[in-house]
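# Architecture and fold: a report
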Amino acid sequence: MSTTSLHWRGNIAIIAGNYISADFPNKRLVLTGTRTAHSAPTVLSTRNGWYLCDLSKPHLPTLISMIEDNTFTYNSSDILGDLVAVCVGVPGVQLYSMANPLSPALLSTINTSGFAQGVLLKNNRAYISDGSSGMQIYDITNPFSPTFVGVFNTPGNVKGINVVGNTAYIADNTSLQIVDISNPASPSFLGSYTGSAFDVKTAGNFAYIASSSSGIIILNVSNPSLPTLVTTVPAPIGSSSNPKALSIALLGTKAYLSMFEWAGILDITSPSAPFWVDSVFGVSSNNKILVDNHSFLFQLI
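Bear in mind the structure is a predicted one, so any value in this text is a computation, not a measurement. (Residues numbered from 1 in each chain as written. Predicted model: local features only at pLDDT ≥ 70, side-chain atom pairs only at ≥ 80, totals over all residues. Heavy atoms only, no water.)

## Observations concerning the overall build of the protein chain
Looking only at helices and strands, the protein chain features zero helices and 26 strands. Residues classed as buried in the protein chain amount to 51% of the 301 residues present. For the protein chain, restricting intrachain contacts to residue pairs at least 6 apart in sequence, the fraction spanning at least 24 positions comes to 46%. Summing over all exposed atoms, the protein chain offers an accessible surface of approximately 12300 Å²; the carbon and sulfur share of this is 51%. (Helix = DSSP H or I, 4+ residues; strand = E, 2+ residues; numbered from the N terminus. Buried < 20%, exposed > 50% of the residue type's maximum accessible area, 1.4 Å probe, protein only. Contact = heavy atoms within 4.5 Å. Areas by Shrake-Rupley, 256 points an atom, 1.4 Å probe, with all protein chains shown as cover.)

The following block contains the structure:
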């Protein structure tokens, strides 16, 4: 694992790499994916796992501990206090305690019915992007024994979930699904918008969708039963030979996008007239992207 690039963008952090989650207040960064050992030009070995890093010096994250197991496919993760949830594909989601960061302890495994590729921890619940098995909801009040709460099946393959209040916004590859989760045991459909959707974030009355080859789709969701298109923003010219927006993060009046070998910053002060203000080329940022009030680009190789 190594730091490969450092790009200053005002006082904003652009973190891109394999799959990333962060607890900025407690200065923790979790990366999941594959670690490759090289002796140029030969690949010596690869290891699948997740890696806990210290962010006390945000310009130079340092490895604290790692969990590696090549029998799993390590996908996305999320952090809630001392709890980290790690998606491991078909087995589901593993819950670890980071109370002792030098030796994370496995607490339990949530065995989902699909392929767990994303997880959001919020209000003692885990919202799991379970691929063709939809959005799975679990109560993690007792992380040693998570309990199933409910499921919402979508037409596509669930890639990402954003929860605001009692509303879940689900990017399911083929559409954005908007769902009422006030009764999490029985989520109910509110509305949808058809179009490629890999990730989604919301701010106010607007939803911002990382829409793969379509770039960024901005919707007005003030009426969740009838989301309407505001505008579509293609990737900047020259960003990549095959730009695909796969992840999005919002901070203030900026949206941060990751695509294959490219990361970009979009000004969304006016959602109807967004414009690109900055970009970073030639970096492997094809998965998750996060932002905070520090400035560095971090990649796991």
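## Quick notes on the confidence of the model for the protein chain
Mean pLDDT over the protein chain stands at 82; residues scoring 70 or higher make up 76%. Low pLDDT (under 50) marks residues 1-17, which in the prediction has 81 contacts with non-local residues, meaning those over four places away or in another chain. Note that pLDDT drops below 50 for residues 293-301; the model gives that stretch 60 contacts with residues more than four away or on any other chain. (pLDDT = per-residue confidence, 0-100.)

## Points about the sheet that holds strand β19 (residues 206-210)
Spatially, four strands are ordered β18-β19-β20-β21 in an open sheet, and the strand pairing comes out antiparallel. On the outer flanks of this sheet lie β18 (199-203) and β21 (228-233), each paired with one strand and no other. Strand-to-strand, the axes of this sheet are offset by a mean angle of 20°, without reference to chain direction. Direction of pairing for strand β20 (residues 216-220) relative to β21: antiparallel, over a ladder of five bridges. Of the residues in β21, the one forming a bridge with Ile216 is Val233. (Pairing = 2+ DSSP bridges. Axes fitted to C-alpha atoms, helices over the stretch in contact; angles between N-to-C directions.)

## Remarks on the sheet that holds strand β8 (residues 93-97)
One open sheet accounts for four strands, arranged β6-β7-β8-β9; its pairing is antiparallel. Strands at the two margins of the open sheet, each flanked by one partner only, are β6 (77-80) and β9 (105-110). Between one strand axis and the next, the sheet turns through 20° on average, direction left out of account. Bridging between β8 and β9 involves five bridges; their strand directions are antiparallel. By the bridge assignment for β9, Tyr96 is matched with Leu106.

## Comments concerning the pairing of strand β10 (residues 118-122)
Burial within β10 is extensive, with four of its five residues counted as buried. In the sheet, β10 pairs with strand β11 (residues 125-129) via five bridges, with the strands oriented antiparallel. Looking at the pairing, Gly118 lines up with Ser129 of β11. Here β10 hands over to β11 after two residues, with Asn123 in that stretch at a positive phi of 55°.

## Some points on the side chain of Asp199
Along the polypeptide, Asp199 turns up in strand β18. Here the side chain of Asp199 touches Lys201 through a polar contact of 3.3 Å, side chain to side chain. (Polar contact = N/O pair within 3.5 Å; in protein donor to acceptor, adjacent residues only side chain to side chain.)

## Quick word on the nonpolar core
Core analysis: the largest hydrophobic core is formed by 14 residues, its most contacted members being Val93 and Ile128. Taken together, the elements giving at least two residues each to this core come down to β7 (83-87), β8, β9, β10 and β11. The element best represented in this core is β7, accounting for three residues. Not counting residues up to four positions away in its chain, the partners in contact with Val93 are Ala85, Val86, Cys87, Ser108, Thr109, Ile110, Ala116 and Ile128. Counting 12 residues, the second largest nonpolar core, distinct from the first, contains Val163, Ala168, Ile170 and Ile181. (Core = buried A, V, L, I, M, F, W, Y, C linked by side-chain atoms within 4.5 Å.)

## Describing the environment of Val230
Checked against the element boundaries, Val230 lands in strand β21. Residue classification places Val230 among the partly exposed residues on the basis of a relative accessible area of 27%. C-alpha of Val230 to C-alpha of Leu219: the two residues are 11 residues apart in sequence and 5.2 Å apart in space. If sequence neighbours within four positions are ignored, Val230 has contacts with Phe206, Ile218, Leu219, Asn220, Pro271 and Ser272.

## Looking at unusual backbone geometry
Most peptide bonds are trans, and most residues other than glycine sit at a negative phi. Although it is not a glycine, Asn173 adopts a positive phi angle of roughly 80°. On the secondary structure map, Asn173 appears in strand β16 (residues 173-180). Under the relative-accessibility criterion, Asn173 is labelled partly exposed at 27%. Non-glycine residue Ser212 carries a positive phi angle of around 50°. Positionally, Ser212 belongs in the loop between β19 and β20.

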